Amino acid sequence: MQVFKDTDAKPATVKDRPVAIIGYGSQGRAHALNLHDSGCEVIVGLREGSPTAAKARADGLTVMSVADAAKAAGLVALLTPDMSHEAIYESEIAPHMERGDALLVAHGFTVLYKRIAPAGEVDVILVAPKGPGDLVRREYERGAGVPCLFAVDNNASGMAREKALAYASLIGGTTAGAIETTFREETETDLFGEQAVLCGGATELVLAGYETLTDAGYAPEIAYYECLHELKLIVDLLYEGGLQKMHEFISETAIYGDLVSGPRVVNEETRARMKDVLEDIRNGTFAKNWIAENEGGKAEYKKMLDADLAHPIEATGKQLRAMMPWLQDAPKKSEPKAA
C-alpha cells in the first residue's frame, strides 16, 4: 500500500484557479474552510434561498449561485447529497464547465452509475475523507488531518491525478495520508460497508438481540443497555485500536464469549447473505432500485423507515437516554455524508 503525504502533492495545480464548493453541509463547509485557509480562492455555490448561505458568508466566504460559481471556477466540488447531483449538474454546472476544468465528488455513486456524465474534456476526480466534516475541520485546525481516498475517472487534462492529490492535501488529507483507489472500488465498498456492517448489519443485530432478550422475558430496559447502549464502548475500542485494544479492555469472560459465540451468530449463512448484498451492489441492482425509489417518490422507503422507527427499542431508548445528561448537548441530526 502506498500512502501519499504532503510532499507528494502539488497544491498549485488546484490553487491557480478558484475552487467552487457546491453545497455547504458537513463536508462542504469543512472542505471550503480548509481550502480557504490553505490559500485557495473559494466560492460557495448555493441555490437561491439556501438556508446555509448566511452561514457561509458569516464564515467569510464568497457565495454565488451554483451556475455562477461553476462558471468562475477551475475545479467544481459537487458536495450535495447523491440524489441531487443529476439535476444540479445538468442544469447548473455542465453548461459552464470548459476544457481542462475538473469536477470533484466525495463519493463515486453518481459517476459510477452514470447519473451524471461530464463531457470528455473535463477531468473527473474523487476525494473522500474518511471522517465526518466536523472532524475534517477540527483535525485541519490542529495541524493534523483525516486520511483520504482519491481516484480519477477521467484524465482529460493529463493532470487529473495531480489535481485530486492536491485537493486532498489542501483539505488536510495528505497530512494524515491519502490512498489511491478507483471510483468503482470506493463506491462499491462504501455501499457494502453501510448495508452489511455499519448501518444495516449493525442495526439489525441490535434489534435482533433486543427482541431475543425481551421475547425471553427480560426487561426491555436491561435489553436496551446490553444490546444498544454498550455498543458504543466496543465500537470506540475497535476504532481506537482494533481487536487488540478491545480485548485489552474487556473481561476474559467477554473475550471467551466473543470467541465461542460470535461465529455462531455471524456464520457461513450470514457470509452468504453478505455476498448476495455485494453482488447486488456490483451488478447495479441496488443502484437501479434506489434510483427508481427516488424517482417514484420514495413511498416504500418512507414505509420501511417508519416501520424501523416504530420498533419498541425506540420508546425504551428515549426514556433511558433522558437519564443521560451527557447526551443532551449531542448533535440532534447529522448532515448527509456528501453534503
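Refer to the structure printed above.
Residues numbered from 1 in each chain as written. Predicted model: local features only at pLDDT ≥ 70, side-chain atom pairs only at ≥ 80, totals over all residues. Heavy atoms only, no water.

## Re the pattern of salt bridges
At step 1: Under the counting rule described, the total for this entry stands at 17 salt bridges.
At step 2: In this structure, D101 and R17 form a salt bridge, with 2.8 Å as the shortest nitrogen-oxygen distance. With a gap of 84 residues between them, D101 in the loop between α5 (85–93) and β5 (102–105) and R17 in the loop between α1 (12–15) and β1 (19–22) connect regions that are remote in the sequence.
At step 3: R99 is paired through a salt bridge with E121; the nearest N and O atoms lie 3.4 Å apart. One end of the pair, R99, is in the loop between α5 and β5; the other, E121, is in the loop between α6 (109–112) and β6 (123–129), and 22 residues separate them in sequence. (Salt bridge = Lys/Arg side-chain N within 4 Å of Asp/Glu carboxyl O. Helix = DSSP H or I, 4+ residues; strand = E, 2+ residues; numbered from the N terminus.)

## A look at the sheet that holds strand β3 (residues 62–64)
At step 1: Ordered by their spatial adjacency, eight strands build an open sheet running β3-β2-β1-β4-β5-β6-β7-β8, and the pairing between neighbours is mixed. Looking along the sheet, the strands with just one partner apiece sit at the ends: β3 and β8 (178–180). Each strand of the sheet is rotated relative to its neighbour by a mean of 25°, with strand direction disregarded.
At step 2: Along the sheet, helix α10 (residues 183–198) contacts β5, β6 and β7 (148–154); its crossing angle with β6, the most-contacted strand, is approximately 40°. (Pairing = 2+ DSSP bridges. Axes fitted to C-alpha atoms, helices over the stretch in contact; angles between N-to-C directions. Contact = heavy atoms within 4.5 Å.)

## Points about the nonpolar core
At step 1: One finds I21, Y24, L35, V44, L75, V127 and Y167 to be the most contacted residues of the largest nonpolar core, which totals 36 residues.
At step 2: In terms of residues, this core owes the most to one element, helix α8 (residues 160–170), which gives seven residues.
At step 3: One finds I22, V76, I88 and V111 within the second-largest nonpolar core, a separate group that totals 24 residues. (Core = buried A, V, L, I, M, F, W, Y, C linked by side-chain atoms within 4.5 Å. Buried < 20%, exposed > 50% of the residue type's maximum accessible area, 1.4 Å probe, protein only.)

## As for α5
At step 1: When we look at burial in α5, the residues that qualify are H85, I88, Y89, E92 and I93. On an axial view of α5, the arc spanned by its buried residues comes to 110°, and they lie on one face.
At step 2: Where α5 is buried, its residues meet β1, α4 (66–72), β4 (75–78), β5 and α6. (Arc of directions from axis to C-beta.)

## Some thoughts on the pairing of β4
At step 1: Residues L75 and A77 point to one face of β4 and V76 and L78 to the other, with burial holding for every one of them.
At step 2: Here β1 runs beside β4; their pairing, made up of four bridges, is parallel. Across the sheet, residue A20 finds its bridge partner in β4, namely V76.
At step 3: As paired strands, β4 and β5 are joined by four bridges and run parallel to one another. Of the residues in β5, the one forming a bridge with L75 is A102.
At step 4: Handedness of the β4-α5-β5 crossover: right-handed. (Right-handed = clockwise from strand over helix to strand, strands pointing away.)

## Some words on unusual backbone geometry
At step 1: The backbone of K114 sits at a positive phi, close to 55°, despite the residue not being glycine.
At step 2: Tracing the chain through its elements places K114 in the loop between α6 and β6.
At step 3: A relative accessible area of 68% places K114 in the exposed class.
At step 4: Phi at K298 takes a positive value of approximately 65°, unusual for a residue other than glycine.
At step 5: Tracing the backbone shows K298 in the loop between α16 (285–295) and α17 (299–309).
At step 6: Residue classification places K298 among the partly exposed positions, given a relative accessible area of 27%.

## Quick look at the packing of α10 against helix α15 (residues 268–282)
At step 1: Running from amino to carboxyl end, α10 crosses α15 at an angle of 140°, the nearest separation of the two axes being 10 Å. Between α10 and α15, the angle is such that the two are oblique. Along this stretch, α10 crosses α15, giving a crossing that reads as right-handed. Of α15, the residues touching α10 (which contributes R184, E188, L191, F192, Q195, A196 and V197) are M274, V277, L278, I281 and R282.
At step 2: The residue makeup of the contact of α10 with α15, split by class, is eight nonpolar, one polar and three charged. (Parallel < 35°, antiparallel > 145°, perpendicular 65-115°, else oblique. Left-handed = near helix turned anticlockwise from the far one by under 90°. Nonpolar A, V, L, I, M, F, W, Y, C, P; charged D, E, K, R; others polar.)

## Some remarks on the packing of α10 against helix α11 (residues 200–215)
At step 1: Here α10 crosses α11 at 10°, and the two axes come no closer than 3 Å. What the angle tells us is that α10 and α11 run roughly parallel. Counting all contacts with α10, which are made through E194, Q195, A196, V197 and L198, the residues of α11 involved are G200, G201 and A202.

## Points about the packing of aromatic side chains
At step 1: Evaluated as defined, the whole model comprises four aromatic pairs.
At step 2: With 5.4 Å between their ring centres and 80° between their planes, F4 and F150 make a pair best called edge-to-face. Residue F4 is located in the segment before α1, and its partner F150 is located in strand β7; the two are separated by 146 residues in the primary sequence. (Phe/Tyr/Trp six-rings, centres within 6.5 Å; stacked < 30°, edge-to-face > 60°.)

## Points about the side chain of H85
At step 1: Counting through the fold element by element, H85 comes out in helix α5.
At step 2: Not counting residues within four places of it along the chain, the set of residues in contact with H85 comprises L78, T80, V105, T110 and I116.

## Observations concerning the environment of E279
At step 1: Positionally, E279 belongs in helix α15.
At step 2: In sequence terms E279 and F192 are 87 residues apart; their C-alpha atoms lie 9.5 Å from each other.

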